[in-house]
Amino acid sequence: MTSIGMNSFSLFLRPIEAEFGWSRTTATVPYMFGMLGWGIGGVLFGKLADDLGARRVILAGILLMAAGFFGMSLSQNLWQLSLSYGIMVGLAKGAAGLVIISLLVAKHYEANRRGLAVSVIQTASPLSPVFFSPLLYFLIQRFDWRAAALASGVLLLVVAFPLGWLGARDPNDVATARRDRASWGSCLPYLRDRSMIMMFAARFSCGVALFQTVHLVAIALSKGFDAATGAIAVGVFGGAAAVSALFFGWLSDRYGRAQVLALTYLVRGLGTLVLSLDMPNELFFYAVVALAMGPTFGTIAVQNVMFYEIVGPRMAGVILGLSFIVHQIGSAGGPMLASLAFDMTGSYDGFMIIMGVILLASAALVYGTISGKPIGAAALNVRHAPTLTAILILNPQLQSRVDASWDQQKGGKSAFSY
């Protein structure tokens, strides 16, 4: 339900554009602010989740998102839409979206099941349009986009908040985490690591490629189809993304995170190149949408698990948040660049060719740079001693276990001291 925050905008885009008489670029401005708000909120609320636990953050985020949709339904100009949808809903995504929820789920599972577990919860985002796009489309057609925004706020307040109250439970060690908070500067050793930099770069390209979700209805129209075909394509994307998230999460548990992450970028890049071509019929269009956009949440799920496993639970929230600032800068710029390309050329095809090449380059970057060793092996490589040191500092229990093991093998010398 909180995924409605960003997944619904492709249905709002053209009605807002028509009501206010704006260009495609102007009508995309609230979404741009929403993406930036999501990124900023991801860092701020991620740090709060590290320090205070995810439960409080998630519940507060649901209330903020509901308030943002209520404000959106009353907005009369661009700055009001940018504030209500862009800032309020965007920030709320950083608190109640799948970054924090994935972090919460990851804490409850061992490494050999964590990829699939996080992928299961990640399917919530692509499944959101499957369930809610028909309802929002009906409300927009029967009434207007304001009624759909109001309904979204009611859904969050009346249904999502009680479910969050019942379901959002931190592990039992959250009290220990509150007493042993890590500083902001503790993330610096991770941010200087070459593999981490490459992951941030890949995450940026993933964000830019999300322009497809915002413009999907408009892309369908540009291919000669009607708005109903575009609405169905939104649902196809949701179903394909849910299936592929589970599939790629399962693969990552068995064959390595980096290899599977590269595979998701490869499939998305090839699909995006095909999407730039003419579509002979609706069925072919739906199949290409599933290929180009379906692996999106497999990408996000596998990357979330990789970030969590690199830094550990004590810093995972802030690192995931920082990665999503990069992601959301791309998510804010991608739709805007696509809008500019459409306004200038009357087509999305040229921009999709460029995006397809970028995704293929990301696949090569991930596969060629990030270690493809089994889970946990890369962390013990001597080259990553600063990262290992930071992990031990931030995780006293792990430090004690490593020291005890080393003591047994080396006769009294502490691994941490060594």
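Here the structure is a predicted model, which is why all the values come from computation and not from measurement.

1. Re the overall build of the chain
Secondary structure assignment for the chain yields 23 helices and zero strands. When each of the 418 residues of the chain is scored for burial, the buried share is 55%. For the chain, the exposed surface amounts to about 16,900 Å²; the carbon and sulfur share of it is 67%.

2. Considerations on the packing of aromatic side chains
Under the definition given, this model contains eleven aromatic pairs. Arranged with centres 4.3 Å apart and planes meeting at 10°, the rings of Phe20 and Trp22 form a pair that is stacked. Between Phe285 and Tyr286 the ring centres are 6.2 Å apart and the planes differ by 50°, which places this aromatic pair in the tilted class. For Tyr286, a relative accessible area of 13% corresponds to the buried category. In this structure an aromatic cluster arises from ring pairing among Phe20, Trp22 and Trp145. Directly above the aromatic system of Trp165 lies the positively charged group of Arg55, at a separation of 4.7 Å from the ring centroid. Stacked on the ring of Phe143, the Lys or Arg Arg142 has its end atom at 5.2 Å from the ring centre.

3. As for the side chain of Gln122
Its place among the elements puts Gln122 in helix 8 (residues 111–122). Setting aside residues no more than four positions away along its own chain, Gln122 makes contact with Leu98, Ser102, Phe297, Ile300, Ala301 and Asn304.

4. A closer look at a nonpolar patch on the surface
On the surface, Phe33, Leu36, Trp79, Leu83, Ile87, Phe204 and Ile329 cluster together into a nonpolar patch covering about 620 Å² of accessible area. Among the elements that line the nonpolar patch, the one with the most residues is helix 6 (residues 78–96), at three residues. Note that Leu36 resides in helix 4 (residues 29–52). For Leu36, a relative accessible area of 32% puts it in the partly exposed group.

5. Side note on the pattern of salt bridges
Applying the stated criterion to the full structure yields three salt bridges. A salt bridge links Asp253 to Arg257, with the shortest nitrogen-to-oxygen separation between them at 2.7 Å.

6. Looking at the packing of helix 4 against helix 6
At a minimum axis distance of 6 Å, the contact between helix 4 and helix 6 shows a crossing angle of 30°. Compared by their axis directions, helix 4 and helix 6 come out roughly parallel. You can see that helix 4 and helix 6 cross each other, and the crossing is right-handed. Packed against helix 4, whose contacting residues are Val29, Pro30, Tyr31, Phe33, Gly34, Gly37, Trp38, Ile40, Gly41, Gly42 and Phe45, the element helix 6 presents Leu78, Leu81, Ser82, Tyr85, Gly86, Ile87, Gly90, Leu91, Lys93, Gly94 and Ala95 at the interface.

7. Here we look at the environment of Val130
Topologically, Val130 is positioned in helix 9 (residues 124–142). Counting along the chain gives 109 residues from Val130 to Gly239, while the straight-line C-alpha distance between them is 6.6 Å. For Val130, the residues in contact, after removing those within four places along its chain, are Gly235, Gly238 and Gly239.

8. A word on the packing of helix 9 against helix 16 (residues 227–255)
Contact geometry for helix 9 and helix 16: axes closest at 6 Å, N-to-C directions at 155°. It follows that helix 9 is roughly antiparallel to helix 16 by the angle criterion. Read as a crossing pair, helix 9 and helix 16 show a hand that is left-handed. Across the interface between the two elements, Pro126, Leu127, Pro129, Val130, Ser133 and Tyr137 of helix 9 pack against Ala227, Ala228, Ala231, Val234, Gly235, Phe237, Gly238, Gly239, Ala241 and Ala242 of helix 16. Broken down by class, the residue content of the contact of helix 9 with helix 16 amounts to twelve nonpolar, four polar and no charged.

9. Things to note about the side chain of Ser84
By secondary structure assignment, the location of Ser84 is in helix 6. Looking at Ser84, its side chain comes within polar contact range of the main-chain nitrogen of Met72, at 3.4 Å. At 2.9 Å, the side chain of Ser84 and the backbone oxygen of Gln80 are in polar contact. Among residues more than four places away in sequence, those in contact with Ser84 are Gly68, Gly71, Met72, Ser75 and Val89.

10. Focus on the environment of Val159
The topology assignment puts Val159 in helix 10 (residues 145–167). Placed 158 residues apart in sequence, Val159 and Met1 show a C-alpha to C-alpha distance of 8.6 Å. Setting aside residues no more than four positions away along its own chain, Val159 makes contact with Met1 and Val154.

Calculation notes
Residues numbered from 1 in each chain as written. Predicted model: local features only at pLDDT ≥ 70, side-chain atom pairs only at ≥ 80, totals over all residues. Heavy atoms only, no water. Helix = DSSP H or I, 4+ residues; strand = E, 2+ residues; numbered from the N terminus. Buried < 20%, exposed > 50% of the residue type's maximum accessible area, 1.4 Å probe, protein only. Areas by Shrake-Rupley, 256 points an atom, 1.4 Å probe, with all protein chains shown as cover. Phe/Tyr/Trp six-rings, centres within 6.5 Å; stacked < 30°, edge-to-face > 60°. Lys NZ or Arg CZ within 6 Å of the ring centre and 35° of its normal. Contact = heavy atoms within 4.5 Å. Patch = residues over 30% accessible without salt bridge, like charges linked within 9 Å, V, L, I, M, F, W, Y side chains within 5 Å. Salt bridge = Lys/Arg side-chain N within 4 Å of Asp/Glu carboxyl O. Axes fitted to C-alpha atoms, helices over the stretch in contact; angles between N-to-C directions. Parallel < 35°, antiparallel > 145°, perpendicular 65-115°, else oblique. Left-handed = near helix turned anticlockwise from the far one by under 90°. Nonpolar A, V, L, I, M, F, W, Y, C, P; charged D, E, K, R; others polar. Polar contact = N/O pair within 3.5 Å; in protein donor to acceptor, adjacent residues only side chain to side chain.

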